[in-house]
Amino acid sequence: MPEWFHQSIVTCCNEETFIHESAYIDEPCQIGHGTNIMHFCHIMSNSVIGSHCQIGHNVTIASGVLVGNNVRVLNNAMLNSGVILEDEVFCGPSTVFAPLKYMRGEAGNISTIHPTLVKHGANIGAQTTIASGLTIGQHTFVESGSVIDRNIPDFALVCGNPVQFAGWRCECGQILKFSGKDQTTCPRCGKQYIQQSEVEIIQLATGSSTHDPHIQPSSTIRDFEEFH
Ligand SMILES: [Zn+2]
């Protein structure tokens, strides 16, 4: 590891946190241990960043944003107020979360913030734009350059502008094929999935081999039906 890497550690966080001297940190905010915040970032007050996160160059994290643990936010991304990233989310470079649902330029015309939730393990490709007030499901895979204007269900693979459904991916990243059946097993990692409908799949618990009628989908997202 290069010598400069630990030169700019700030004591306001903890000894394992690295914040480059060119970054602005508006206190109060919380930054977890083992998190790295690189050059020219702006972390605004009342935001929370978890442990072992990687925040790339020139990233803006606005007031009230919540970032979980082991999250990667790459260069030039913009996380506006209301954004919540759960653990292990990946935001590619120049990802933009729209600031508000309804906004005009006049001074004082600020609408209510609508939370945008990105669930555990979601992968958002470079230069994706995400409208305010949406939910992106766990382990979804958003291709680079997408424009997200609706909710995205768990494990979905989506792309384009307007965003289109392109398939399902396993938690491990493998493409899932149901081939007319309602259940499939990932050929790479062995995890099992059940297709509840054209717009919804759920993952079975490890070791489960049959459909458990008590399993509930983690989310029910009707907007996704617009893809079909
Ligand atoms: Zn898998």
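Residues numbered from 1 in each chain as written. Predicted model: local features only at pLDDT ≥ 70, side-chain atom pairs only at ≥ 80, totals over all residues. Heavy atoms only, no water.

Novice: I keep staring at the coordination of the zinc ion and nothing clicks. Help me out?
Specialist: Between any two of four tetrahedral donors, the ideal angle at the metal is 109.5 degrees; between two of six octahedral donors, it is 90 or 180 degrees. Bound to the zinc ion on the protein side are Cys 170 (SG), Cys 172 (SG), Cys 186 (SG) and Cys 189 (SG), at distances that span 2.2 to 2.3 Å. For the zinc ion, the four donor atoms in the first shell make angles of 101 to 119 degrees at the metal, so the coordination geometry reads as tetrahedral. Site description for the zinc ion: donor spacing in sequence, C-x1-C-x13-C-x2-C. With a relative accessible area of 3%, Cys 186 lands in the buried category. (Donors = N, O, S within 2.8 Å, 3.2 Å for Na, K, Ca; no water. Tetrahedral: all angles 85-135°; square planar, octahedral: opposite > 155°, others 65-115°. Buried < 20%, exposed > 50% of the residue type's maximum accessible area, 1.4 Å probe, protein only.)

Novice: How should I be thinking about the sheet that holds strand E3 (residues 30–31) in this particular structure?
Specialist: Adjacent strands of a sheet form backbone hydrogen bonds with each other and so pair up, either parallel or antiparallel. Strand order in the open sheet made by the six strands is E3-E6-E9-E12-E15-E18, with parallel pairing throughout. Every other strand in the sheet has two partners, leaving E3 and strand E18 (135–136) as the edge strands with one partner each. Here E3 pairs with strand E6 (residues 48–49) via two bridges, running parallel. Each bridged residue has a counterpart across the sheet, and for Gln 30 the counterpart in E6 is Val 48. (Pairing = 2+ DSSP bridges. Helix = DSSP H or I, 4+ residues; strand = E, 2+ residues; numbered from the N terminus.)

Novice: Would you mind showing me how to read the environment of His 139 here?
Specialist: Position of His 139 among the secondary structure elements: in the loop between E18 and strand E19 (141–142). Residue His 139 is classed as buried on the basis of its relative accessible area, which comes to 9%. Spatially, the C-alpha atom of His 139 lies 9.9 Å from that of Trp 168, the residues being 29 residues apart in sequence. Setting aside chain neighbours within four positions, we find His 139 in contact with His 120, Gly 121, Ala 122, Phe 155 and Glu 171. (Contact = heavy atoms within 4.5 Å.)

Novice: What exactly am I supposed to notice about the nonpolar core here?
Specialist: Note on soluble globular proteins: their nonpolar side chains tend to be buried together. With 43 residues, the main nonpolar core has Ile 37, Val 73, Leu 79, Leu 85, Phe 97 and Ile 148 as its most contacted residues. Only strand E12 (83–85) and strand E21 (156–159) provide two or more residues apiece to this core. Those residues within four positions of Ile 37 in sequence are excluded, and the remaining contacts are Phe 18, Ile 19, His 20, Ala 23, Ile 25, Ile 31, Ile 43, Ile 49 and Ile 55. (Core = buried A, V, L, I, M, F, W, Y, C linked by side-chain atoms within 4.5 Å.)

Novice: How should I be thinking about the packing of aromatic side chains in this particular structure?
Specialist: Applying the stated criterion across every chain, the model contains two aromatic pairs. The interplanar angle of 80 degrees and the centroid separation of 5.0 Å between the aromatic rings of Phe 155 and Tyr 193 together place this pair among those described as edge-to-face. A residue pair is termed long-range when its members are at least 10 positions apart, and Phe 155 in the loop between strand E20 (147–148) and E21 and Tyr 193 in strand E25 (residues 192–197) qualify at 38 residues. When the ring centre of Phe 141 is taken as reference, the NZ or CZ atom of Arg 169 above it lies at 4.2 Å. (Phe/Tyr/Trp six-rings, centres within 6.5 Å; stacked < 30°, edge-to-face > 60°. Lys NZ or Arg CZ within 6 Å of the ring centre and 35° of its normal.)

Novice: Even after reading the chapter, I still don't get the pairing of E21, so can you show me in this structure?
Specialist: When a strand is regular, its side chains alternate between the sheet's two faces. Pairing geometry for E19 and E21, over two bridges, is parallel. Directly across from Phe 141, in E21, lies its bridge partner Leu 157. Here E21 runs beside strand E22 (residues 164–169); their pairing, made up of four bridges, is antiparallel. Pairing of Cys 159 across the sheet is with Gln 164, part of E22.

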